[in-house]
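Here is what each chain is made of, one letter per residue.
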Amino acid sequence: MSINKFLIIDGNSLIHRAFHAIPQLSTSDGIITNAVYGFTNMLFKVLQKIEPDYIAVAFDKGKITFRHASYADYKAQRKATPPELRTQFPLLKEVLRHMRIQTLELENYEADDIIGTLTNLAESQGIESVVLTGDRDALQLVSPRVRVLLTKKGITEMEEYDEGRVWDRYGVSPTQIIDIKGLMGDTSDNIPGVPGIGEKTALKLIQEHGTLEDVIAGMEKLPTRWRNKLLEHQDQALLSKQLATIDRQVPLNIAVQQFKWQGPDYPSLLDIFSRLEFKTLVHSIIDKAGGNNKTGALPGQAAGSQNELDTHNVEYQKMSTEEELEQIRYAAGASGVAALELTGTREAGINYAALSNDTGGTIYLLSVREQTGALDTIADICADPQVKKICADGKEALWLLHRHNRTLRGLGFDTRLAAYLLNPSQSQNTLADLALQYLQLVLPAEGEAAAAARVDVLGRLEQMLHQKLVDTGMDRLYYDVELPLVSVLADMEMEGVAVDPQILCSMAEETGQQIDSLVLEIYRLAGEEFNINSPKQLGDILFNKMGLPVVKKTKTGFSTDASVLEELASSHVIVDKILAYRQLAKLKSTYIDGLFGLINPTTGRIHTTFHQDVTATGRLSSSNPNLQNIPIRLQEGRRIRRVFIPHQPGNLILTADYSQIELRILAHMSGDLNLISAFKQGQDIHTRTAAEVFNVPMEQVTPEMRSRAKAVNFGIVYGISDFGLSRDIKVSRAEAGKYIRSYFERYSGVKEFIDRKIAEARDKGYATTLLNRRRYLPDISSRNRVTRAFGERTAINTPIQGSAADIIKLAMVRIHNELKKRQMATKMILQVHDELIFDVPPEELDTVKNMVTEYMENALQLDVPLVVDLKLGPNWYDVRKV
DNA sequence: GCGAGGCC
DNA sequence: GGCCTCGC
């Protein structure tokens with residue numbers, strides 16, 4: 001017989017997660033239901049995964065708990081629960097009542113403590129507990145009989161912690177988690193800990209000594225810097241530990257048996273789900289329970305099969321014989337379309353492939369690992385441009401196929417990208433998220449059933465999202481730009497960028513030595529050793545110990561950012577050393593060590609990931625590593641560019657960047673005659689602006705004037721404020737205001753453009769770009785002045801920044817096509833917002849220079865010319881204008 | 001999660 | 001204005 005399982009849920013933690021994970025959802029008469037909906041879906045998901053025998057949901061009760069008795073400031077920084085969430089608590093409790101799930105709350109205690117007590121109770125009776133929460137503190141409860149399920153980003157994913165997982169993640173036992181917290185504190189709960197000791201030190205001390213008490217007892221032997229801090233704050237540390245400790249002896253006077261789960265009360269559950277307009281949940285109950293399931297058992301459970309109440313499960317046909325594989329090929333060819341889902345990893349390759357040629361039609365499933373011929377079948381369909389593929393993530397499919405040396409042609413729809421265009425501010429566009437958002441369906445987590453369900457959802461989403469793209473006027477942008485860009489980016493990622501590891505190593509050594517000597521010098525000047533990387537410790541040294549004047553504060557303490565340090569540079573020699581240290585530390589950790597660690601051992605190159613659905617404006621982003629922020633401004637950092645080299649000896653690095661693309665777009669969109677004439681005449685735009693703003697002939701513009709005008713130009717593009725400009729060019733706000741007024745006098749078309757864009761965004765609720773890309777701006781109608789001002793700046797910046805993104809994306813697609821068509825060896829390897837970077841064999845150089853210039857400059861016809869500057873060299877550092 | 005700092 | 005990474 002299997003061991004009984006007790007599912008214990010942290011109601012507060014989970015409802016908060018759900019509230020933030022699901023942006024907006026309400027009934028037709030305006031009752032907000034997003035958190036309840038998210039919670040219910042999470043609950044169903046876990047019910048399926050765990051199949052518990054007992055269930056309880058614990059809630060906090062009251063604002064004051066026993067912890068406040070010993071520490072009045074406990075959780076003092078917590079924000080009040082927003083009203084839109086507060087109203088959902090009663091609704092949730094009602095849902096739980098109809099689910100016949102017991103809830104628990106107790107005056108003076110937090111949900112955590114109730115949970116801890118329940119796990120104790122369960123343990124004493126040999127019952128296994130599973131705690132579901134979003135709060136890492138619960139990890140202290142983990143034991144052989146207690147597992148913790150932590151919610152991850154979104155609501156569809158969770159991470160399970162048993163003892164081994166806690167050790168792997170933290171290097172300590174579950175009970176030691178509270179000792180760690182005693183030392184380092186927790187800002188979110190306002191638990192102080194020991195000032196100057198962070199997670200690193202705390203982990204080290206606890207790993208070496210065992211408990212906080214042991215650390216304090218053995219204090220004498222510790223290095224001075226820690227001993228002093230501990231000595232001073234030992235009481236606070238012990239108190240912090242006490243605060244962080246979950247009370248597992250709450251006087252509850254209950255028995256586990258009270259929480260025995262009998263399954264939901266379907267009729268009343270049906271009733272509340274329809275009241276809350278959870279349509280698919282209603283349907284799934286009617287479908288699966290048949291409406292006459294009065295026993296309360298979950299559908300199918302009595303027969304011993306899986307509980308299918310929550311998840312979207314579909315029929316599918318597993319194909320294994322040669323005839324069946326042939327049938328799949330035939331069906332794909334005949335229909336010319338395939339919703340396609342590949343599961344697996346980039347490392348191990350494809351595991352399952354599922355596809356369907358007709359929404360709602362047969363779903364075929366292939367096990368690529370088990371079946372000979374399956375991979376060829378699926379890869380041939382993928383390679384056939386005549387079969388339009390519908391994918392959840394086309395670029396990932398390309399990577400999976402790449403692992404088998406195959407490819408995908410004819411990507412006809414990518415749900416991730418469609419959802420991104422429909423709302424680029426939405427952070428999650430996985431198929432699971434979209435299924436929930438657009439179809440109110442929960443997808444199974446893994447396995448064959450998941451692949452099949454995903455294919456079913458793909459087809460339905462394609463129809464729905466396609467229509468929305470047409471309705472919003474973004475179908476051209478989608479089909480002509482974003483979708484073709486998928487394989488362009490995949491090619492760039494796969495091609496990678498070659499680096500010279502030798503140069504990287506020698507830079508590591510050199511920089512390391514410079515850092516070491518700066519560190520010694522800083523310690524000497526400070527009179528003690530401390531962690532310079534910790535703004536908290538640094539602030540303590542500079543402002544408390546050394547008494548430097550406080551310039552600026554952050555939410556958590558003294559500000560020590562570069563602008564502050566530059567202001568303090570004259571006060572003490574240590575400040576310059578710290579600035580130099582910061583610069584080198586950044587260089588080494590991010591750009592030298594960081595890049596080194598990301599060299600692919602197989603290819604010897606660096607393969608970044610380009611994200612096509614991240615930014616709110618339409619730009620791309622890059623990560624692992626971010627190759628869009630390689631230093632250039634300062635000489636010391638710029639040298640890192642020497643490590644980026646061509647793919648073959650003799651090849652060259654060619655960079656092509658748009659000159660002033662954002663200001664040119666501003667000229668075009670605003671129609672400002674002054675600005676247009678400057679670009680038409682090919683003038684230096686900042687000099688011209690200076691001449692206008694300072695009312696002097698262009699020949700009399702000084703470097704100082706030009707640099708201020710340049711800041712004004714930047715400011716305009718960002719949606720200027722006198723405050724922002726005064727900070728950037730270090731003049732008074734009044735002075736900055738004068739520049740802005742004078743600018744608007746000379747460039748009245750720009751002023752009109754700004755006013756027009758703000759009005760338009762307020763009117764429609766969104767801003768648009770030249771290719772009709774859309775970004776919703778709810779902030780622009782806020783009653784809060786600061787929030788609204790932010791919305792207004794966004795309304796100006798988004799059309800400009802986003803149109804620049806439109807243009808370079810168009811150019812990328814065309815250049816890539818042309819390179820392929822002509823079967824050239826030149827590779828486009830990077831994009832840095834207004835710049836494209838190529839690896840070029842010398843014999844193709846002339847062709848490529850012309851082609852790139854041509855396509856970039858003519859990507860879109862504007863009222864001003866688009867101008868591209870080309871640079872060429874043996875690496876990314878030594879490029880010179882051509 | 002925050003502060004800091006790199007890019008366009 | 002828009003990002004990503006590092007270290008705390």
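Per an unreviewed UniProt entry, chain A goes by the name DNA polymerase I and belongs to Desulfoscipio gibsoniae DSM 7213. Under the UniProt heading Catalytic activity (unreviewed entry), the note attached to chain A is "DNA(n) + a 2'-deoxyribonucleoside 5'-triphosphate = DNA(n+1) + diphosphate".

On to the domain arrangement of chain A, then. As assigned here, chain A comprises domain 1 (5–171 + 246–258), domain 2 (265–289), domain 3 (321–496), domain 4 (499–606) and domain 5 (671–799). Computed over C-alpha atoms, the centres of domain 4 and domain 5 are 35 Å apart.

Around DNA strand C lies a shell of 23 residues, among which Asn531, Ser621, Asn624, Arg775 and Arg793 are the nearest. Taking all atoms of DNA strand C within 4 Å of the protein, the share assigned to sugar and phosphate is 74%. Within the side chain of asparagine 626, one N or O atom sits 2.9 Å away from a sugar or linking oxygen of DNA strand C. Between arginine 793 and DNA strand C, the recorded distance is 2.9 Å, taken from a side-chain N or O atom to a phosphate oxygen. Where the surface near DNA strand C is concerned, the elements lending two or more residues are helix H24 (573–597), strand S16 (621–623) and helix H33 (785–821). In terms of residue count, H33 provides more of the surface near DNA strand C than any other element does, four residues in total.

In terms of burial, strand S5 (residues 146–151) is a largely internal element, six of the six residues being buried. With burial as the criterion, each face of S5 is covered, one bearing Val146, Val148 and Leu150 and the other bearing Arg147, Leu149 and Thr151. Direction of pairing for strand S4 (residues 128–133) relative to S5: parallel, over a ladder of five bridges. Across the sheet, threonine 133 pairs through a bridge with leucine 150, a residue of S5. Judged from the four bridges that link them, S5 and strand S6 (residues 158–161) form a sheet pairing that is antiparallel. Paired with leucine 150 across the strands is glutamate 159, a residue of S6.

Mean pLDDT over chain A works out to 88, with 93% of the residues at or above the 70 mark. In this model residues 290–309 is a low-confidence stretch, pLDDT under 50, and it forms 36 contacts with partners more than four residues away in sequence or in other chains.

In this section: the protein's contact with DNA strand B. By nearness alone, 20 residues border DNA strand B, and Thr560, Ala562, Arg619, Ile632 and Arg633 come closest of all. Of what DNA strand B places within 4 Å of the protein, 81% of the atoms are sugar or phosphate. A distance of 3.0 Å separates a phosphate oxygen of DNA strand B from a polar atom in the side chain of arginine 582. A distance of 2.8 Å separates a base oxygen of DNA strand B from a polar side-chain atom of arginine 619. The element that contributes the greatest number of residues to the surface near DNA strand B is H24, accounting for three residues.

What follows deals with the pairing of strand S1 (residues 5–10). Every other side chain in a regular strand lies on the same face of the sheet, so the side chains alternate between the two faces. Extensive coverage of S1 is indicated by the burial of five of its six residues. Relative to S4, S1 runs parallel, the two being bridged by five bridges. Across the sheet, phenylalanine 6 pairs through a bridge with serine 129, a residue of S4. Strand direction decides the pairing type here: S1 and strand S2 (residues 54–58), joined by five bridges, are parallel.

On to helix H17 (residues 415–422). Counted residue by residue, H17 has seven buried out of eight residues, so it is predominantly covered. Of the surrounding secondary structure, the elements contacted by the buried residues of H17 are strand S11 (388–391), strand S12 (411–414), helix H18 (431–439), helix H19 (447–471), helix H20 (475–495) and strand S20 (774–776). Capping of H17 at its N-terminal end is provided by aspartate 414; its side-chain oxygen lies 3.0 Å from the backbone amide nitrogen of arginine 416.

Within the UniProt annotation, "domain: DNA-directed DNA polymerase family A palm" (unreviewed entry) is assigned to residues 637–844. For the annotated span residues 637–844, helix accounts for 58% and strand for 12% of the residues, and the straight-line distance between the end C-alpha atoms is 31 Å.

Glancing now at the environment of leucine 542. Following the sequence through the fold, leucine 542 ends up in helix H22 (residues 535–545). Taking the C-alpha atoms as reference points, leucine 542 and valine 575, separated by 33 residues in sequence, lie 8.7 Å from one another. Beyond its immediate sequence surroundings of up to four residues, leucine 542 is in contact with Gly547, Leu548, Leu565, Ile574 and Ile578.

Under the definition given, this model contains 45 salt bridges. Measuring nitrogen to oxygen at the nearest pair gives 3.0 Å for the salt bridge that ties glutamate 105 to lysine 93. Taken together, the residues glutamate 105 in the loop between strand S3 (102–104) and helix H6 (111–124) and lysine 93 in helix H5 (residues 88–98) connect sequence positions twelve residues apart. For glutamate 105, a relative accessible area of 32% corresponds to the partly exposed category. Connected through shared salt-bridge partners, Arg329, Asp376, Asp380 and Arg406 make up one network.

Reading the values: the criteria
Residues numbered from 1 in each chain as written. Chains lettered and ligands numbered in written order. Predicted model: local features only at pLDDT ≥ 70, side-chain atom pairs only at ≥ 80, totals over all residues. Heavy atoms only, no water. UniProt positions renumbered as here; feature names shortened; annotations may be inferred. Domains from an automatic or database assignment. Near = heavy atom within 4 Å. Polar contact = N/O pair within 3.5 Å; in protein donor to acceptor, adjacent residues only side chain to side chain. Helix = DSSP H or I, 4+ residues; strand = E, 2+ residues; numbered from the N terminus. Buried < 20%, exposed > 50% of the residue type's maximum accessible area, 1.4 Å probe, protein only. Pairing = 2+ DSSP bridges. pLDDT = per-residue confidence, 0-100. Contact = heavy atoms within 4.5 Å. Salt bridge = Lys/Arg side-chain N within 4 Å of Asp/Glu carboxyl O.

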